[in-house]
Amino acid sequence: MALLINAQNLTKSFGAESLFENINFTVEEGARVGLIGPNGSGKSTLLRILAGLLEPDSGEVAIRKRVRFCYVAQESQFEAGDRVRDVLGRVVESLTAPEVAEVVGKAGFENLDAEVSAFSGGWKKRLAIVEALVQHPDVLLLDEPTNHLDLAGIGWLEKLLAGVGFACVVISHDRYFLENVATEMVELNRAYVDGLLRVSGTYSVFLEKKADYLHAQAKRQDALENRVRTEMEWLRRGPKARTTKSKARIDKANELIGELADLQSRARSSTADIDFSATERKTKRLIELEKVGVALGGRTLFSGLDFVVTPGTRIGLVGPNGSGKSTLMRVLMGQMDPTEGAVRRADLLRMVYFDQNRQLDPDVTLRRALAPDGDSVVYQDRVLHVASWAARFLFQSDQLNQPVGRLSGGERARVLIAKLMLEPADVLLLDEPTNDLDIPTLEILEESLLEFRGALVLVTHDRYLLDRVATVVLGLDGDGAIGRFADYFQWDDWQVAQKKAKVKAASVVSAVAAPAAPAGTVKKRLSYMEAREYETIEQRIAEAEQALEACKAKLHDPAVVVDGRALQDAYDAMQKAQEAVDALYHRWSELEEKRG
């Protein structure tokens, strides 16, 4: 494959802080590169350098001639009063061109005159991605594209990127998304000799190779420590440095000591110390919902919900944007009364809420944000100085007097989590806590939630975290239905079944509404071959669905789960099986309509 981007010896610092030094980064035709790394490692900076929006301190970026770049930033910005038509009209000549209409249609934009200011964050993100796609890029650069997308939007983006012919570089912390999209993985991290680790393959393949690399590095460090220990003993015996041989050995000993210090420095990693505090309440029934439903503006969001929240219950709330997840959160907290049914809460119930909007006063200092009442905090009955408390969340002491407005999205998320940890809770309600968090911090967050002794209600688009943490999933379909599921995949199957049921219902309504045909002419509009196809299509759908279920079962086979390549093959097979089922249902609907 031909090189589209060849970046060599890139170095970038901001003030005294060095992000990366002398790294090399290439992008080939058709490659889908997943870019990960700890917060502050320079992922977004690197992407902006590749896009030509930022100059490196040193190094150069060589771009093949006539390569078209499109860059989608983390936050989608549009002009005041913009409609969908205006946004796309600025980058393409005709909105009716077939390829443009296809991209816009598949993204779900039915009304081109809709005002962008009324869109949710997820739909703004979709529009920003569509704006890039209709320009036919050779390289698409995406910075955290899943942050504001709901699960349906993430599925749309996964399917889109898996089928494109152009190259893309995607920064993401969504591990399932990376597994399903990336053909190469790159991690920016000072722990690696070259400043990054690059692996061809999926995210699971990357994890295997990373483990091998770190194991080899640990063995190298052990061997180096032994050699340095020997040389230090020799040096302490006071060798005479008069001979060339002795001088050479002293130089070699110093070289080994320097190499070991460098290796130890790179091997040190910092992770946030997250640990939520539960109360010691013994109550078994914290919140009871009996036939609860909510209708807003004449639209039923959900109804008939019976559920009991108990200590140790970890509930995952899933559903498309606007389906009622945040509304249900407000009902649980008592901020909103249900339209129907009853909600009962235990006396003096303590609930702590994490708001996805990350509302922090941008002018307040980090010191005051972490410790509003002084220079210390009380955590689990212990008094901690604010500097020590800040260090648990990877903040340096020299940052304490900086305004919160200068923090990154991931740093603001850590501040909010720090504030939550000071409040003992019976029920912890987290609304999209994973946005902007790096993968190491996500792993620490997961462990903390698994150890939390109270009840947890979690809204997240991070399917990996959802599968690992939630003991039950409440899924909303956006049309008033709500169901209880064992995990995300069971809910996803339910969603597919709901869609199929609607297709079947529409076919039945169409058939009932159509005027009766004279006897003997029921299949008059179908050709001979179409009539034969129609006679067997139900059986073929049943067989295709059986094949799909077999593929899904294979994804949960322990032997497959631990084998990265086998897992990817199984996932690819499931995708093909799903496409086959969808195609058969679509064809059935076409034949039904033609049959009349």
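Please read all numbers here as calculations on a predicted model, not as lab measurements.

Colleague: Mind showing me how you'd approach the overall build of the chain here?
Modeller: What the chain contains, in helices and strands, is 18 helices and 20 strands. Within the chain, the fraction of its 596 residues that count as buried is 46%. When contacts within the chain are restricted to residue pairs at least 6 apart in sequence, long-range pairs at least 24 apart make up 69% of them. When the accessible surface of the chain is split by element, carbon and sulfur atoms take 49% of a total near 29700 Å².

Colleague: I keep staring at the sheet that holds strand β10 (residues 287-296) and nothing clicks. Help me out?
Modeller: Backbone hydrogen bonds are what pair the strands of a sheet, in a parallel or an antiparallel way. Spatial strand order, β11-β10-β13: three strands in an open sheet with antiparallel pairing. Bordering the open sheet on either side are β11 (299-309) and β13 (340-345), each of which pairs with just one other strand. Ignoring strand direction, the axes of neighbouring strands in this sheet form an average angle of 25°. Across five bridges, the pairing between β10 and β13 is antiparallel. The partner of L289 across the bridge, within β13, is V343. In the packing of helix α9 (residues 325-333) onto the sheet, contacts are made with β10, β11 and β13, and the angle to β10 comes to roughly 135°.

Colleague: Looking at this model, I keep getting lost on the nonpolar core. Mind explaining?
Modeller: Soluble, globular proteins show a tendency: their nonpolar side chains are buried together. Judged by nonpolar contacts, the single largest core of 40 residues is most densely connected at F276, L370 and W389. Among the elements that line this core, the one with the most residues is helix α12 (residues 409-421), at seven residues. Leaving out residues up to four positions away in the same chain, W389 has contacts with L370, V377, Y379, L384, A418, M421 and L422. Within the second largest apolar cluster, 36 residues are counted, among which are A128, V134, V164 and F166.

Colleague: Whenever I open this one, the side chain of K325 confuses me. Can you help?
Modeller: Note on placement: K325 falls in helix α9. It is D150 that comes nearest to the buried, bridge-free K325 among opposite-charge side chains, at 6.0 Å. Within the structure, K325 has its side chain in polar contact with the backbone oxygen of G319 (distance 2.8 Å). Within the structure, the side chain of K325 is placed 3.2 Å from the backbone oxygen of P320, a separation counted as a polar contact.

Colleague: Please clarify how the sheet that holds strand β5 (residues 69-72) should be interpreted in this entry.
Modeller: Taken in spatial order, the six strands line up as β5-β6-β7-β3-β8-β9 in an open sheet, and their pairing is mixed. Bordering the open sheet on either side are β5 and β9 (196-200), each of which pairs with just one other strand. Each adjacent strand pair in this sheet contributes to an overall mean axis angle of 15°, direction not counted. Of the pairings in the sheet, the one linking strand β3 (residues 32-36) to strand β7 (residues 167-171) comprises four bridges and is parallel in character. Bridged to L35 within β7 is I171.

Colleague: Any chance you could explain the pattern of salt bridges here in plain terms?
Modeller: When the charged atoms of two side chains lie near each other, side chains of opposite charge can form a pair. In the structure shown here, the tally under the stated rule is 21 salt bridges. For the salt bridge of R85 with D113, the shortest nitrogen-to-oxygen distance reads 3.0 Å. Of this pair, R85 sits in helix α2 (residues 84-89) while D113 sits in the loop between α3 (98-106) and α4 (121-133), placing them 28 residues apart in sequence. Since its relative accessible area comes to 36%, D113 is described here as partly exposed. Close ionic contact of R175 with E446 constitutes a salt bridge, the shortest N to O distance being 2.4 Å. Of this pair, R175 sits in helix α6 (residues 175-181) while E446 is found in helix α13 (residues 439-451), placing the two residues 271 residues apart along the sequence. By relative accessible area, R175 is classed as buried at 3%. Salt bridges sharing common partners tie together R175, E446, E447, D462 and R468.

What counts and how
- Residues numbered from 1 in each chain as written.
- Predicted model: local features only at pLDDT ≥ 70, side-chain atom pairs only at ≥ 80, totals over all residues.
- Heavy atoms only, no water.
- Helix = DSSP H or I, 4+ residues; strand = E, 2+ residues; numbered from the N terminus.
- Buried < 20%, exposed > 50% of the residue type's maximum accessible area, 1.4 Å probe, protein only.
- Contact = heavy atoms within 4.5 Å.
- Areas by Shrake-Rupley, 256 points an atom, 1.4 Å probe, with all protein chains shown as cover.
- Pairing = 2+ DSSP bridges.
- Axes fitted to C-alpha atoms, helices over the stretch in contact; angles between N-to-C directions.
- Core = buried A, V, L, I, M, F, W, Y, C linked by side-chain atoms within 4.5 Å.
- Lys, Arg positive; Asp, Glu negative; His and termini not counted.
- Salt bridge = Lys/Arg side-chain N within 4 Å of Asp/Glu carboxyl O.
- Polar contact = N/O pair within 3.5 Å; in protein donor to acceptor, adjacent residues only side chain to side chain.

Any functional reading would require information that these geometric values do not contain.
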